[in-house]
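The chain contents come next:
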Amino acid sequence: VLKEVTIEEDSRYGGSPFLEMDRVSGGILFLSFLKNRVVVIPALHIAQPRARLIRDSNGLWNIESLRRGNPSPAGKTPSRFRVLVSKVVVENGQLITEIRNPSSPVMLDFEGIDARAQLSLPAKVECSLSADLLSEAGAPVQFKLEGVYEIPRKEIQLKLSANIPLNAIQEHLP
């Protein structure tokens, strides 16, 4: 169990962390690493994560700088192993999305995010996600997404439902 895990933000996007997690727990199967250089994590549980996604005025997202990572030092070969996570569970998360358009900046705050993803090799990944989008009108807009990704056919089926309180959209109605 890891507690109070933080991934810092690229300084170009501000001083707040990119991702904070109150608790991360899971296990690792070491035998598969020793035999096949595959790190197998049967289940990963993440409690109360808070993430910030920011798109700057040039259209670049903050996550892109994290994805690029640091290049390997000259003459060094990066490690060659794979990571396989069979199940991921996220409980009570928060996602703040900020789009920094000079003319009309947008801020979206999703709270109460619960998500699950289950990998069943070699056939499919099943997932579900629920979240509340906070609105200035008061009552949150509740979203629920369920889906299945069929790996061999490269097909995804998604079902999205939303509970939108009338007062959240009333100003947009005639």
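Scroll up to find the structure this text is about.
Since the structure is predicted, the reported quantities are computational estimates derived from the model, not experimental observations.

(A) Region of the structure containing the pairing of strand 2 (residues 19-26). Relative to strand 2, strand 1 (residues 2-7) runs antiparallel, the two sharing five bridges. Bridging across to strand 2, Thr 6 finds its partner in Glu 20. Relative to strand 4 (residues 44-55), strand 2 runs antiparallel, the two sharing seven bridges. For Glu 20, the partnering residue across the bridge sits in strand 4 and is Arg 50.

(B) The arrangement of the side chain of Asp 56 in detail. Looking at the secondary structure, you find Asp 56 in the loop between strand 4 and helix 2 (62-68). Here Asp 56 occupies a buried position and makes no salt bridge, while the nearest side chain of opposite charge, Arg 12, is found at 6.5 Å. If near-sequence neighbours (up to four positions away) are discounted, Asp 56 is found in contact with Tyr 13 and Arg 100.

(C) Representation of the nonpolar core within the structure. The biggest cluster of nonpolar side chains holds eight residues, and these are Phe 18, Leu 19, Met 21, Val 24, Ile 46, Ala 51, Val 90 and Ala 115. Breaking this core down by element, the ones donating at least two residues are strand 2 and strand 4. Not counting chain neighbours up to four residues away, the residues in contact with Val 24 comprise Val 1, Leu 2, Val 5, Leu 44 and His 45. Judged by nonpolar contacts, the second largest core, of five residues, contains Ile 113, Ala 131, Leu 133 and Val 141.

Basis of the calculations
- Counting restarts for each chain, with residues numbered from 1 along the sequence as it is written.
- For a predicted model such as this one, the threshold for reporting local features is a pLDDT of at least 70, and the threshold for listing and counting side-chain atom pairs is 80 or more; totals across whole chains, interfaces and linings nevertheless cover every residue.
- Side-chain measures here rest on the full set of heavy atoms in the structure, leaving out hydrogens and waters.
- A pair of strands counts as paired when DSSP detects no fewer than two bridges linking them.
- Only DSSP runs of H or I covering at least 4 residues are called helices, and only runs of E covering at least 2 are called strands; the numbering of each starts at the N terminus.
- Exposure classes here rest on a 1.4 Å probe applied to the protein chains alone. A residue is buried below 20% of its type maximum, exposed above 50%, and partly exposed in between.
- Positive charges come from Lys and Arg alone, negative charges from Asp and Glu alone, with His and the N- and C-terminal ends not counted.
- Just to be clear on terms, a salt bridge is a Lys or Arg side-chain nitrogen sitting within 4 Å of an Asp or Glu carboxyl oxygen.
- Only heavy atoms matter for contacts: two residues are in contact if any of them lie within 4.5 Å across the pair.
- Definition of nonpolar core: a set of buried residues of the types Ala, Val, Leu, Ile, Met, Phe, Trp, Tyr and Cys, connected through side-chain atoms within 4.5 Å.

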